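Below are the chains, spelled out letter by letter.
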Amino acid sequence: MNAAQQRKDLILVVDDSPDSLGMIHHALDQAGLTALVALEGQQALGIAEKMTPDLILMDAIMPNLDGFETCRRLKQHPSLSSVPVIFMTGLTESEDVVRGLEAGGVDYVTKPVRPDELIARIRVHLNNARMTQSAHTTLDRLGQTSFSTTPAGEWRWATPQVEQLLDKTGVPREQLAEAIQRWMSHQPERGQQLNQLPGNLQVRYLGQAENHERLFRLLHHDSDAELEMLKTALHVTQREAQVLAWIAHGKTNREIAQILELSPRTVNKHLEQIFRKLGVENRTAAAAMVIQLLTRY
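Below or above, wherever it landed, is the structure these notes cover. For clarity, every value in this text was computed on a predicted model and none was experimentally measured.

About the criteria used
- Residues numbered from 1 in each chain as written.
- Predicted model: local features only at pLDDT ≥ 70, side-chain atom pairs only at ≥ 80, totals over all residues.
- Heavy atoms only, no water.
- Helix = DSSP H or I, 4+ residues; strand = E, 2+ residues; numbered from the N terminus.
- Buried < 20%, exposed > 50% of the residue type's maximum accessible area, 1.4 Å probe, protein only.
- Contact = heavy atoms within 4.5 Å.
- Areas by Shrake-Rupley, 256 points an atom, 1.4 Å probe, with all protein chains shown as cover.
- Expected span 1.5 Å × (residues − 1).
- Arc of directions from axis to C-beta.
- Pairing = 2+ DSSP bridges.
- Axes fitted to C-alpha atoms, helices over the stretch in contact; angles between N-to-C directions.
- Polar contact = N/O pair within 3.5 Å; in protein donor to acceptor, adjacent residues only side chain to side chain.

Moving on to the overall build of the protein chain. In terms of helices and strands, the protein chain carries 13 helices and ten strands. Across the 297 residues that make up the protein chain, the buried fraction comes to 46%. The contacts in the protein chain between residues at least 6 apart in sequence include a share of 52% that link residues at least 24 apart. If you sum the accessible surface of the protein chain, you get close to 15,600 Å²; carbon and sulfur atoms cover 49% of it.

As a further point, take helix α8 (residues 173-184). Helix length check: α8 (twelve residues) gives 16 Å between terminal C-alpha atoms against 16 Å at 1.5 Å per residue, within 8%. Within α8, burial applies to Arg173, Leu176, Ala177, Ala179, Ile180, Trp183 and Met184. Buried residues along α8 cover an arc of 165 degrees about the axis, so they all sit on one side. Turned more than 90 degrees away from the buried face of α8, the exposed residues are Glu174 and Arg182.

A word on the sheet that holds strand β9 (residues 201-208). Adjacent strands of a sheet form backbone hydrogen bonds with each other and so pair up, either parallel or antiparallel. In space, the five strands of this open sheet follow the order β7-β6-β10-β9-β8, with antiparallel pairing throughout. The open sheet is flanked by β7 (155-158) and β8 (193-197), the only strands paired with a single partner. The sheet shows a mean angle of 25 degrees between the axes of neighbouring strands, direction not considered. Here three bridges tie strand β6 (residues 146-149) to β7, and the two strands are oriented antiparallel to one another. When the sheet's bridge partners are listed, Ser148 is paired in β7 with Trp157.

As a further point, take the sheet that holds strand β3 (residues 55-59). Taken in spatial order, the five strands make up an open sheet running β2-β1-β3-β4-β5, and their pairing is parallel. Across the chains shown, the open sheet's two edge strands, defined by having one partner strand only, are β2 (34-38) and β5 (107-110). Sheet twist, expressed as the average angle between the axes of neighbouring strands with direction ignored, equals 20 degrees. In the sheet, strand β4 (residues 85-89) pairs with β5 via four bridges, with the strands oriented parallel. When the bridges of β5 are listed, Phe87 appears paired with Tyr108. Strand contacts of helix α4 (residues 67-75): β3 and β4, with the helix running at about 150 degrees to β3, the strand carrying the most contacts.

Attention shifts here to the side chain of Arg204. Considering the arrangement of structural elements, one finds Arg204 in strand β9. Owing to a relative accessible area of 3%, Arg204 belongs among the buried residues under this scheme. For Arg204, the side chain forms a polar contact with the side chain of Gln193, separated by 2.6 Å.

Quick look at the structure:
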């Protein structure tokens, strides 16, 4: 067995009650899990930044920085945003449960905590986190500009390519998240696209994951990755791919000519070649083919 296989899952327990900490620490140890402990929110933030836990057990009510605010601050850290947080609370009102979930929690258990139930919930969320991380790693390796938010619109995770594109265009992540949150209030369907964002950015909605994250792809007008995909899949030239991309974005021939600094006649010539290569008769059919292709990848 190698070192990676021997590593125990690391659980950060945040609770201002020493008795509660002792009981939970014992239960985690008996289950083969490694516990880190923090007595208050600020201490928890410091520990999490130094030693990224696999899961966090968070007391909801604590002096100074309560569990809800601590969770929100954790989720603002890119390296910690995907760490599942389970709230421990004596609060049973539905509004308090919703408050915990909106802060970024994935689950809650009521106090007094039942060790067997707690360990079972921890194992479920550790497994879900591993599957999510595996999917994220795959997208990273494929170079996809993908990211996700919570149902409330809070930023959860993004591939490095997304961060690079945001840096390149100078668009703050918070500004993008606010625009997406407004857009999602209109309940767009899977595959629909949000255009006219700052920095010539666009966002395509990919649907909802099993853990209720909303998945998106970040695009840029004339995106190199998008153009390469069109060239490879449809066997078109670079210029034809550019024309196709703008058709899919709803631009007219005249607008495409202005954007690409071509004459309208040249755009029409490209369209003739595109229709022949794609086996379609009009721009609507060509746009539908491009949208279907880009939504699938």
